[in-house]
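Take a look at the letters that make up each chain.
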Protein chains: 2
Amino acid sequence: MTDLTAPNPDDVLDAARVLQPVAVRTPLLRSPTLDRLTGAEILLKCENLQRSGAFKFRGAYNRLSRLDRSEFPGGVVAYSTGNHGQAVATVGRMLDIRATIVMPSDAPANKIDKARENGGEVVLYERGRQSREDIAAEIAARMPVAVVPPGDDRFVIAGQGSAFVEAAGQASGEVDLVVVPCGGGGLAAGTGLAMEALGSRAELWAAEPEDFDDTRRSLASGRREVNERLSGSVCDALLAPTPAELPFSFNRRKLSSVLTVSDEEVLRAIRFAFEELRLVVEPGGAVALAALLKRPEALRGRRAVVLLSGGNVEPEVFRKALAG
Amino acid sequence: MTDLTAPNPDDVLDAARVLQPVAVRTPLLRSPTLDRLTGAEILLKCENLQRSGAFKFRGAYNRLSRLDRSEFPGGVVAYSTGNHGQAVATVGRMLDIRATIVMPSDAPANKIDKARENGGEVVLYERGRQSREDIAAEIAARMPVAVVPPGDDRFVIAGQGSAFVEAAGQASGEVDLVVVPCGGGGLAAGTGLAMEALGSRAELWAAEPEDFDDTRRSLASGRREVNERLSGSVCDALLAPTPAELPFSFNRRKLSSVLTVSDEEVLRAIRFAFEELRLVVEPGGAVALAALLKRPEALRGRRAVVLLSGGNVEPEVFRKALAG
């Protein structure tokens, strides 16, 4: 089912219409403290309050609601221990589409439980012994299934962009900067498309973990660079090995800056969100906020939408952030 | 300045108008998990996301915005280590009204800092050696000040009620139950008045900590009962010694039920809000949610607005809730 056709700006407006009755219209919050720190007007789009706890619900719903069920009687499959997998499971249950979530057998038990709770059928595999391809073949042997990728899909990207369509409506008035967390790049690409669709002339910045700055390096070199490591950052949601193809083809022309932050800066942002915003934000969802707190002067005089993209954080990690 | 005139339903609508341009229109969130657990439609009014982190901003703003500055050149004074004090400080700064917050010298250092950060002038007193009356006399000796009580004031109560006016607008359609946290009773009274103003026929329930069930006992006996203790619950925001006079005169005829919860049940509700709602809720702000989680079957078939009334929780308490 994966559609490698590039999404266009109208696809995002269409996604926003499809999502309007089912997605949470997440609040766009202000923080006087943040405005004071930055000398800017910061509008926080709280996608941590989205269904399934992350913006990923948008892409998953926009994709699954268009599934040709006769072509894919086995439903959909997602390879993800994280927010994309949870979102696909959640939407599968809503739409009565069988959703298989493929996870390594050493994934945290609570993530596996959560996927099952959300209605997903979890298939475990052993990292060392089996490949994702083997698993896919096994699943497809039972009944035709559609793979839902987290980034390389026209309707997934368009769905992610709908968060900005909403935010622009809530902001009432021009915004001159948008800052989003960046892993594979689907949210950045969707947001850029949304800006084009709305005729926004704002700049688009992305934020990444500093040792997983594949997008920053890829923009510099002009080709998709690969991260040296696949783990080792607290930002579990942003550890894609390389920018996804389709998003990158947009992001390379649209992103004007990529900021990077350390684990410590991310934990500090989580604590800030706890104390000042009373919001639970996960590490990967807090990188844009962390970048802003790292260099508050960089935003002086601007009116910026900043995405808090998810809130599915392990209690242990949150406790660590509060202790810091 | 304290106005012991009883507020009327129109005062609440008027407060809602006054607050509309300055208060956060806090989101009314759903949780599929909560709906499933209860067999009800639960609409969570998130006043933890209000300015200064609690609904108290509403009452403070509605009161201070009506202050006769020529009569009270010394501004206002509030006796509170908690949300009411923080709210009065915040509003004082917004309206350029001198706000004095009186706190015991053994109050937690971070609460004192917070009041100063919010623009309040903090006056410390020694619990054993000085009385609140002495302090009031000392402050008033400098310049006439108006005392802003947390409950016994027409415009404070009316302000608190504006949260429900907003929620009713967001709910689109009838609600048949409203559940609010209850300390001195100002929020319950304001909410009840708002319901009258809007012609809502919903029931109004309150929730209290189980060892601080003064409102429950007062409704039973018909007179204002006093709690045996003044401390010893994790719900620091709800430890009023007795129902405030003016709110109680309403609550005694309007409240149809008072639910009580233990500290453990409150901590469990905080953890639920963390995991399922991605919201930071303080103990006192979580008692209505805790009551609902304690007896989910009690809400079966209903459409209920449940107030999350504040989010100013100490990191240590939150860590404890997550560990539980």
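Up top you'll find the structure we're talking about.
What counts and how
- Residues numbered from 1 in each chain as written.
- Chains lettered and ligands numbered in written order.
- Predicted model: local features only at pLDDT ≥ 70, side-chain atom pairs only at ≥ 80, totals over all residues.
- Heavy atoms only, no water.
- Least-squares fit on C-alpha atoms with pLDDT ≥ 70 in both.
- Contact = heavy atoms within 4.5 Å.
- 1 Å grid on protein atoms, 1.4 Å probe; cavity = no way out; pocket = protein on both sides within 12 Å on 5 of 7 lines; lining within 4 Å.
- Points joined across faces, edges and corners; volume = space filled by probe spheres on them.
- Helix = DSSP H or I, 4+ residues; strand = E, 2+ residues; numbered from the N terminus.
- Salt bridge = Lys/Arg side-chain N within 4 Å of Asp/Glu carboxyl O.
- Buried < 20%, exposed > 50% of the residue type's maximum accessible area, 1.4 Å probe, protein only.
- Pairing = 2+ DSSP bridges.
- Axes fitted to C-alpha atoms, helices over the stretch in contact; angles between N-to-C directions.
- Polar contact = N/O pair within 3.5 Å; in protein donor to acceptor, adjacent residues only side chain to side chain.
- Buried area = accessible area lost by both parts, 1.4 Å probe.
- Nonpolar A, V, L, I, M, F, W, Y, C, P; charged D, E, K, R; others polar.
- Core = buried A, V, L, I, M, F, W, Y, C linked by side-chain atoms within 4.5 Å.
- Parallel < 35°, antiparallel > 145°, perpendicular 65-115°, else oblique.
- Left-handed = near helix turned anticlockwise from the far one by under 90°.
- Arc of directions from axis to C-beta.
- Phe/Tyr/Trp six-rings, centres within 6.5 Å; stacked < 30°, edge-to-face > 60°.

Caption draft 1: Broad picture of the relation of the copies chain B and chain A. Expressed as a screw operation, the relation of chain B to chain A combines 0.0 Å of axial shift with a rotation of 180°, fitting to an RMSD of 0.0 Å. Put plainly, the chains are arranged around a two-fold axis. Within chain B, the C-alpha atom positioned nearest to the axis of rotation is that of B:Leu279, 2.4 Å from it. Take the interface residues of chain B: 100% of them recur as interface residues in chain A, which is what a same-surface contact looks like.

Caption draft 2: The arrangement of empty space enclosed by the protein in detail. All names here are of chain A. Following the criterion strictly, the structure yields two cavities of 30 Å³ or more and no others. A volume near 40 Å³ is recorded for the largest cavity. Lining the largest cavity we find Ala188, Ala189, Gly192, Leu193, Glu196, Phe250, Asn251 and Lys254. For the lining of the largest cavity, the elements supplying multiple residues, two or more each, are α8 (186-197) and α10 (245-254).

Caption draft 3: Spotlight on the pattern of salt bridges. Enumeration according to the criterion identifies 48 salt bridges over all chains in this entry. We note a salt bridge from A:Asp213 to A:Arg217, for which the minimum N-O separation is 3.0 Å. Among the residues examined, A:Asp213 registers a relative accessible area of 9% and is labelled buried. Note that B:Arg58 is salt-bridged to B:Glu47, the shortest N-O span being 2.8 Å. Note that B:Arg58 is positioned in helix α3 (residues 56-64) and B:Glu47 in the loop between β2 (41-46) and α3, a separation of eleven residues in sequence. Neither residue differs from the other here; B:Arg58 and B:Glu47 are each classed as buried. Counted as one network, the salt bridges with shared partners bring together A:Arg30, A:Asp35, A:Glu41 and A:Arg303.

Caption draft 4: Spatial organisation of the sheet that holds strand β9 (residues 255-261) of chain A. Residue and element names in this part refer to chain A. Taking strand neighbours across the sheet as the criterion, the six strands line up as β1-β2-β10-β7-β8-β9 in an open arrangement whose pairing is mixed. The sheet terminates laterally at β1 (28-29) and β9, the two strands that pair on one side only. When strand β7 (residues 177-181) meets strand β10 (residues 303-308), the two strands line up parallel, connected through three bridges. Note that in β10 the partner of leucine 177 across the bridge is alanine 304. Sheet strands touched by helix α7 (residues 154-171): β1, β2 (41-46), β7 and β10. Its angle to β2, the strand with the most contacts, is close to 135°.

Caption draft 5: Molecular detail of the side chain of B:Ser218. All names here are of chain B. Structurally, serine 218 is set in helix α9 (residues 214-221). For serine 218, a relative accessible area of 0% gives the class buried. Separated by 2.5 Å, the side chain of serine 218 and the backbone oxygen of aspartate 214 make a polar contact.

Caption draft 6: Local environment of the interface of chain B and chain A. Each side of the interface is counted separately: chain B has 29 residues, and chain A has 29 residues. Between chain B and chain A, roughly 2,300 Å² of surface is buried when both sides are summed, and carbon and sulfur atoms account for 60% of that area. Considering only the side of chain B, the residues that lose the most area to chain A are B:Phe274, B:Arg278 and B:Arg319, jointly responsible for 32% of the buried surface there. At the junction of chain B with chain A, the criterion picks out two salt bridges. Across the pair A:Glu276 and B:Lys114 runs a salt bridge whose closest N-O atoms are separated by 3.2 Å. On the surface where chain B and chain A come into contact, there are seven residue pairs in polar contact (both at pLDDT 80 or more). When residues of the side of chain B that touches chain A are traced back to their parent elements, those giving at least two are α5 (109-117), α11 (263-277) and α13 (315-323) of chain B. Tallying contributions element by element places α13(B) first for the side of chain B that touches chain A, with six residues. Looking at side-chain class alone, the side of chain B that touches chain A contains 13 nonpolar, five polar and eleven charged residues.

Caption draft 7: How the structure looks around the nonpolar core. Ranked by size, the top nonpolar core spans 84 residues in total, and within it A:Ile42, A:Leu279, A:Phe318, B:Ile42, B:Leu279, B:Leu289 and B:Phe318 carry the most contacts. Every residue in contact with B:Leu289, bar those within four places of it in the chain, is listed here: B:Leu34, B:Ala269, B:Phe272, B:Ala273, B:Leu277, B:Val306 and B:Leu308.

Caption draft 8: Summary view of the pairing of β10(A). Burial runs high along β10(A): six of the six residues are buried. The alternating pattern of β10(A) places A:Arg303, A:Val305 and A:Leu307 on one face and A:Ala304, A:Val306 and A:Leu308 on the opposite face, and all of these are buried.

Caption draft 9: Seen up close, the packing of helix α13 (residues 315-323) of chain A against α13(B). Contact geometry of α13(A) with α13(B) gives a least axis separation of 10 Å together with a crossing angle of 165°. The angle between α13(A) and α13(B) places the two elements in the roughly antiparallel class. α13(A) and α13(B) meet at a crossing whose hand is left-handed. Facing A:Pro315, A:Phe318, A:Arg319, A:Lys320, A:Leu322 and A:Ala323 of α13(A), the residues of α13(B) in contact are B:Pro315, B:Phe318, B:Arg319, B:Lys320, B:Leu322 and B:Ala323. Residues of the contact of α13(A) with α13(B), tallied by class, amount to eight nonpolar, no polar and four charged.

Caption draft 10: Region of the structure containing α13(B). Restricting attention to buried positions, one finds in α13(B) the residues B:Pro315, B:Phe318, B:Arg319, B:Ala321 and B:Leu322. For α13(B), the buried positions fall inside an angular range of 160° around the axis, keeping them on one side. Pointing more than 90 degrees away from the buried face of α13(B) are the exposed residues B:Glu316, B:Lys320 and B:Ala323. Each element contacted by the buried residues of α13(B) is listed here: α11 (263-277) and α13 of chain A together with α11 of chain B.

Caption draft 11: A look at the sheet that holds strand β6 (residues 146-147) of chain B. All names here are of chain B. In space, the four strands of this open sheet follow the order β5-β4-β3-β6, with parallel pairing throughout. Whereas interior strands pair on both sides, the edge strands pair on one side only; in this sheet they are β5 (121-125) and β6. Packed onto the sheet, α5 meets β4 (99-104) and β5 and runs at close to 150° relative to β5.

Caption draft 12: Spotlight on the packing of aromatic side chains. Counted by the stated rule, this structure contains seven aromatic pairs over all chains. Relative to A:Phe318, the ring of A:Phe274 has its centre 6.1 Å away and its plane inclined at 75°; by these criteria the two rings are edge-to-face. Residue A:Phe274 is located in helix α11, and its partner A:Phe318 is located in helix α13; the two are separated by 44 residues in the primary sequence. A:Phe318 shares its class with A:Phe274; the two are buried. What links up through ring pairs into an aromatic cluster is the set A:Phe274, A:Phe318, B:Phe274 and B:Phe318.

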